[in-house]
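As a plain string of letters, each chain reads:
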Amino acid sequence: MNQVGKERVLTGDRVTGKLHLGHYAGSLQNRVHLQNKYDTMILLADIQALTTHFERPESISVHLREVALDYLAAGVDPNQATIFVQSMVPEIAELTVFFSMFVTVNALRHNPTVKAESKGSGLDELYYGFLGYPVSQAADIAFCKATVVPAGEDQLPHLELARKVTRRFNELYRPVFPEPRALISDSPRLVGTDGNAKMSKSLGNAIELASSSEELALKVRRAVTDPARVRKHDPGHPEVCPIYAYHKVFGADQAPEIRENCERGTIGCTECKRRITLTLDLLLEPMRERRARYAGKPDLVDEILIVGTRRARGIAKETLAEVREAMGLDYF
Ligand code: ATP
Ligand code: MG
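Residues numbered from 1 in each chain as written. Chains lettered and ligands numbered in written order. Predicted model: local features only at pLDDT ≥ 70, side-chain atom pairs only at ≥ 80, totals over all residues.

With that out of the way, let us pick up the packing of helix H8 (residues 133-143) against helix H9 (residues 156-172). Interaxial distance between H8 and H9 falls to 9 Å at its minimum, and their mutual angle equals 65°. Taken as axis vectors, H8 and H9 run roughly perpendicular relative to one another. Where H8 crosses over H9, the handedness of that crossing is right-handed. Taken together, the residues of H9 that come into contact with H8 (itself represented by Pro134, Gln137, Ala138, Ile141 and Ala142) are His158, Leu161, Ala162, Val165 and Thr166. For the contact of H8 with H9, the class distribution of residues is seven nonpolar, three polar and no charged. (Axes fitted to C-alpha atoms, helices over the stretch in contact; angles between N-to-C directions. Helix = DSSP H or I, 4+ residues; strand = E, 2+ residues; numbered from the N terminus. Parallel < 35°, antiparallel > 145°, perpendicular 65-115°, else oblique. Left-handed = near helix turned anticlockwise from the far one by under 90°. Contact = placed C-beta atoms within 7 Å. Nonpolar A, V, L, I, M, F, W, Y, C, P; charged D, E, K, R; others polar.)

Printed below as a string of structure tokens:
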């Protein structure tokens, strides 16, 4: 519990590009639902973006505003949730350094998400900052003493590390941190339009929340379907089809009927795609309206980030004072 008597939620996104349906299903939707029940902190992870984008930092400020607009468009209410910028709360970096003293390189090397991402990151080598980003994520969660972290399932190994690190800190010095728990959504990993297991900003297989109706229709038209289905009346295998996955997540009511007809070969891929386009268009339409409202007021968006970051910084200063005291580093 914090000063407003609510448990605290921490989540966030790397500011590496526009958010997509995977973010919505995996975590953003949950954040919107939770925002009046929990004290919700949402982190624009610009430092974590640098782990793969350190050669082109100029893209980060653009993405920062895009992701902020994505939040507001998706229904995050700035009067309830605190949206803040990671690099502007330097106490998080300080806490990362303290935590890094008792995290082993082996634990990081064996982290399955780090392993999978380092293969797909496009980086020629495994960099220290990249290898260590789960430690920085532990600090993101710990600095504000968050107890609930809504995230996709790729984040579970990181959450486990965050739990270990905070437990270790508490044992070594003095209990300062609560143990965070993950809140995994009903659709923890949304498949990409190319059939890749994860829709991801960096894989080019995403349907962005900011898509216009035309862009949406095009992405759906180009999406892969069941490769075994060559002719319209061939029986389909919905479980291997990304389009069916989207029906299940975003149009649960019609999914059983789609499934039956696909398996029987009585609905073609074109019709199935037409229907998911309609469903998704309905989901995105109110987001487009909210986005347009905020996009016309860039100063207001900046103000939201300034106020949010100021609040996060205040919390961080208090926690770091406790941390230094617990470690005996409060010299004068
Ligand atoms: P990048 O490719 O730059 O890493 P990303 O698309 O993986 O981007 P992140 O910013 O790394 O997005 O992830 C932010 C949050 O969104 C995490 O909680 C993650 O689990 C969730 N998330 C991302 N992609 C998906 C997906 N396809 N399905 C479900 N959740 C997702
Ligand atoms: Mg990622």
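Let us look at the pairing of strand E2 (residues 39-45). Of all seven residues that make up E2, seven are buried, and the element is covered over most of its length. Burial along E2 is two-sided: the face carrying Asp39, Met41, Leu43 and Ala45 and the face carrying Thr40, Ile42 and Leu44 are both buried. Where strand E1 (residues 8-14) lies against E2, seven bridges are found, and the strand directions are parallel. Bridge pairing links Gly12 to Leu43 in E2. Between E1 and its parallel partner E2, the chain crosses via helix H1 (residues 21-34), and the hand of that crossover is right-handed. Relative to strand E3 (residues 82-85), E2 runs parallel, the two sharing four bridges. Paired with Ile42 across the bridge in E3 is Ile83. (Buried ≥ 20, exposed ≤ 12 C-beta atoms within 10 Å, placed from the backbone. Pairing = 2+ DSSP bridges. Right-handed = clockwise from strand over helix to strand, strands pointing away.)

The immediate surroundings of ligand 1 are formed by 20 residues, with Gly22, Gly26, Ala151, Gly152 and Ser202 found nearest. Of all the elements in the fold, those that place two or more residues in the shell around ligand 1 are E1 and H1. With five residues, the single largest contributor to the shell around ligand 1 is H1. (Near = placed C-beta within 6 Å.)

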